[in-house]
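The residues making up each chain are set out below.
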Amino acid sequence: MNKEKGTIVLRRLVKIIFINGFLLSILLFLTEGVLQFYPVNDPYEQDKISTRHYFNPVKLPNKKFSFIIEDSLPGFENYTKNPQLTSNNLGFRNSDNLWDPDKKEGEFRVFTIGGSTTECAFLNDGDDWPSLLGDKLNTLDLNKTFRVINAGQSGHNLMDNLHLIIQKLVHLKPDLFIVYAGVNDLFAPLSDRDIYKLDLKNAHKDKGVNLFFTDSQIGRRLYYLLKGFKPNAYHMTASTRQKKLASDFRKMPISNFPKGLDFQLARNNLKALIGICQALGIKLIVATQAVSWDTNDRDLDEWQTAVYAGKRYAEGDLRAAMDSLNVEFENICNDLNTPVVNVQSKMVPTSENFYDDMHFNLSGSINMSDLMFNYLTENPKLIGENLPE
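J.: Where do I start with the overall build of the chain in this structure?
T.: Helix and strand counts for the chain stand at 11 helices and 10 strands. Long-range contacts, defined here as pairs at least 24 residues apart, represent 78% of the contacts in the chain between residues at least 6 apart. Surface accessibility of the chain: about 20,100 Å² in total, with carbon and sulfur atoms responsible for 55%.

J.: What should I look at first to understand the pattern of salt bridges in this one?
T.: Proximity of charged atoms lets side chains of opposite charge pair with each other. Enumeration over the complete set of coordinates arrives at nine salt bridges. Here Asp71 makes a salt bridge to Lys81, at a shortest N to O gap of 3.8 Å. Within this pair, whereas Asp71 is found in the loop between β1 (64–68) and β2 (84–86), its partner Lys81 is found in the loop between β1 and β2, the two being separated by 10 residues in sequence. For Asp71, a relative accessible area of 59% corresponds to the exposed category.

J.: Can you walk me through the sheet that holds strand β10 (residues 340–342) in this structure?
T.: Backbone-to-backbone hydrogen bonds pair the strands of a sheet. The strands run either parallel or antiparallel. Judged by pairing direction, the sheet is parallel, and its five strands sit side by side in the order β4-β3-β5-β8-β10 without closing on themselves. Looking at the sheet topology across the chains shown, the edges are occupied by β4 (145–150) and β10. Sheet twist, expressed as the mean angle between neighbouring strand axes with direction ignored, is 20°. When strand β3 (residues 107–114) meets strand β5 (residues 176–181), the two strands line up parallel, connected through five bridges.

J.: What is the right way to read the side chain of Thr288 from this model?
T.: Relative to the assigned elements, Thr288 resides in strand β8 (residues 283–288). Sequence-distant contacts of Thr288, that is, excluding residues within four places in its chain, are made with Tyr180, Ala181, Asn326, Phe329, Glu330, Val340, Val341, Asn342 and Val343.

J.: Would you mind showing me how to read the packing of helix α9 (residues 264–280) against helix α10 (residues 315–335) here?
T.: Each pair of packed helices can be summarised by the angle the axes make with each other and by the distance between the axes. Close contact between α9 and α10 brings their axes to 10 Å; oriented N to C, the two are set at 30°. Relative to α10, α9 is oriented roughly parallel. Like other packed secondary-structure pairs, α9 and α10 cross with a definite hand, here right-handed. On α10, the residues touching Ala266, Arg267, Leu270, Lys271 and Ile274 of α9 are Leu325, Glu328, Phe329, Ile332 and Cys333. Broken down by class, the residue content of the contact of α9 with α10 amounts to seven nonpolar, no polar and three charged.

J.: How do you make sense of the pairing of β8 when you look at a structure like this?
T.: One face of the sheet, then the other: side chains in a regular strand alternate in exactly this way. Of all six residues making up β8, five are buried, and the element is well covered by its neighbours. The pairing of β5 with β8 spans six bridges and is classified as parallel. Within the sheet, the bridge partner assigned to Ile178 lies in β8 and is Ile285. Here β8 runs beside β10; their pairing, made up of three bridges, is parallel. Each residue of the ladder has a partner; that of Ala287, found in β10, is Val341.

J.: What am I meant to see in the nonpolar core here?
T.: It is characteristic of soluble globular proteins that their nonpolar side chains tend to be buried jointly. Ranked by size, the top nonpolar core spans 44 residues in total, and within it Leu169, Phe177, Leu186, Trp293 and Tyr308 carry the most contacts. At the level of secondary structure, the elements contributing two or more residues to this core comprise β3, α4 (158–167), β5, α5 (183–190), α9, β8 and α10. Broken down by element, the residue count for this core peaks at seven residues, all from α10. With residues up to four places along the chain from it excluded, the contact list for Phe177 reads Phe111, Ile113, Ile165, Leu169, Cys277, Ile282, Lys283, Leu284 and Ile285. Phe108, Leu123, Trp129 and Ile383 belong to the second-largest nonpolar core, a separate cluster that totals 42 residues.

J.: Honestly, unusual backbone geometry in this entry has me stumped. Any pointers?
T.: It is generally the case that most residues other than glycine have a negative phi and that most peptide bonds are trans. The residue Cys120 is not glycine, and still its phi comes out positive at about 55°. Inspection of the secondary structure puts Cys120 in the loop between α2 (116–119) and α3 (129–137). Unlike most non-glycine residues, Lys173 shows phi in positive territory, near 55°. You can see Lys173 is positioned in the loop between α4 and β5.

J.: Looking at this structure, I do not really get the packing of aromatic side chains. What am I missing?
T.: Each pair of aromatic rings is reported with the distance of its centres and the angle of its planes. Enumeration according to the criterion identifies 13 aromatic pairs in this entry. Relative to Tyr308, the ring of Phe187 has its centre 5.8 Å away and its plane inclined at 35°; by these criteria the two rings are tilted. Highlighted residues: Phe187 in helix α5 and Tyr308 in the loop between β8 and β9 (312–313), separated in sequence by 121 residues. Taken together, the aromatic side chains of Phe67, Phe76, Tyr79, Phe122 and Tyr355 make up a single cluster linked through ring pairs. Its end group placed over the ring of Phe249, Arg312 keeps NZ or CZ at 4.8 Å from the ring centre.

J.: Honestly, a nonpolar patch on the surface in this entry has me stumped. Any pointers?
T.: Residues Phe18, Ile19, Phe22, Leu23, Ile26, Phe29 and Leu30 make up a contiguous nonpolar surface patch of about 760 Å² in total accessible area. Turning to its location among the elements, Phe29 is positioned in helix α1 (residues 2–35). Given a relative accessible area of 64%, Phe29 falls into the exposed group.

J.: It is not clear to me how the packing of α4 against α9 should be interpreted in this structure. Could you clarify?
T.: Taken N-terminus to C-terminus, the directions of α4 and α9 make an angle of 25°; their axes are 9 Å apart at the nearest point. The orientation of α4 relative to α9 falls into the category roughly parallel. The chirality of how α4 crosses α9 is left-handed. Packed against α4, whose contacting residues are Leu158, Met159, Asn161, Leu162, Ile165 and Ile166, the element α9 presents Leu265, Ala266, Asn269, Leu270, Ala272, Leu273 and Ile276 at the interface. Among the residues making up the contact of α4 with α9, the classes are represented as 11 nonpolar, two polar and no charged.

The rules behind each value
- Residues numbered from 1 in each chain as written.
- Predicted model: local features only at pLDDT ≥ 70, side-chain atom pairs only at ≥ 80, totals over all residues.
- Heavy atoms only, no water.
- Helix = DSSP H or I, 4+ residues; strand = E, 2+ residues; numbered from the N terminus.
- Contact = heavy atoms within 4.5 Å.
- Areas by Shrake-Rupley, 256 points an atom, 1.4 Å probe, with all protein chains shown as cover.
- Salt bridge = Lys/Arg side-chain N within 4 Å of Asp/Glu carboxyl O.
- Buried < 20%, exposed > 50% of the residue type's maximum accessible area, 1.4 Å probe, protein only.
- Pairing = 2+ DSSP bridges.
- Axes fitted to C-alpha atoms, helices over the stretch in contact; angles between N-to-C directions.
- Parallel < 35°, antiparallel > 145°, perpendicular 65-115°, else oblique.
- Left-handed = near helix turned anticlockwise from the far one by under 90°.
- Nonpolar A, V, L, I, M, F, W, Y, C, P; charged D, E, K, R; others polar.
- Core = buried A, V, L, I, M, F, W, Y, C linked by side-chain atoms within 4.5 Å.
- Phe/Tyr/Trp six-rings, centres within 6.5 Å; stacked < 30°, edge-to-face > 60°.
- Lys NZ or Arg CZ within 6 Å of the ring centre and 35° of its normal.
- Patch = residues over 30% accessible without salt bridge, like charges linked within 9 Å, V, L, I, M, F, W, Y side chains within 5 Å.

The structure is reproduced here in structure tokens:
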């Protein structure tokens, strides 16, 4: 008898759970349907696109990305704690929309191309070195308007630069490309991963869960509620976290640096990029990579975060490899009659210019824009001019 009662109670309990689960599912479904009419932006929209299967397009179009700068980040002591990065209709930073490739009369169009050291994500719109360069060029007494468009994207290497140029930029009537590249090309031979494909295996598990749940409007609202962000603003959910990353970095053992790094892929990509520009009559400047790795100056040792495929390498080894790649790039440019700027020789590898291994703070961004401005005024044919005396 007791056994029969227990079975009946269990069946009733299962029935109640089933009915309630069914009703809850319907309620969630209806709620999600209603919320679709009042959508909030996906906080992980940028992370959910992986276009390296063909090429990486830069940023999502017409978005505003917010950052939170942590205290004591080198060079940011008196800088805004909440810089913003906006993108235009083609995903380029801090630039008016490009609805028509045709240029206005007298416009000289420059695209700066590279990775995060060109994008300058932690700096406010207008403080990135490409924007500052455009401001400086427009102070020249010339019968033209310079439009410098920042097409930098964090993580881009020369392969991505090449695809971006071929599939997008050549159609936008460029007059000059400035390519600032190198450190992401150093990553390739140091990594045991395929950097040209989406790396789901090594994705952070916590972010993977967030990517799944923020596909729904309910999940997005819960995310914003927990994070405290305003739901109608687009967020990259990015806080600098450099101090934490650097602390974790210093706890890692130093690995033996691999011998005989093969830069053939980077060399081929640079040669192809130069060849395309020469064939299409587009002026090109290659700027080699500057880094803060310096065994004689310990200024930024506590802020270094560069991990390659989960390994930490000695600062001196990384600097030697970067210098070697820069020399190879310079030799290629010289052989192919392409202007090249040795940025490392002009940028002091301290917190005067950098906040970590290779990224500019505001002072570094200003110095980089000055360097490129001076180079262009010293070589005025690159901007189609003989400058007035």
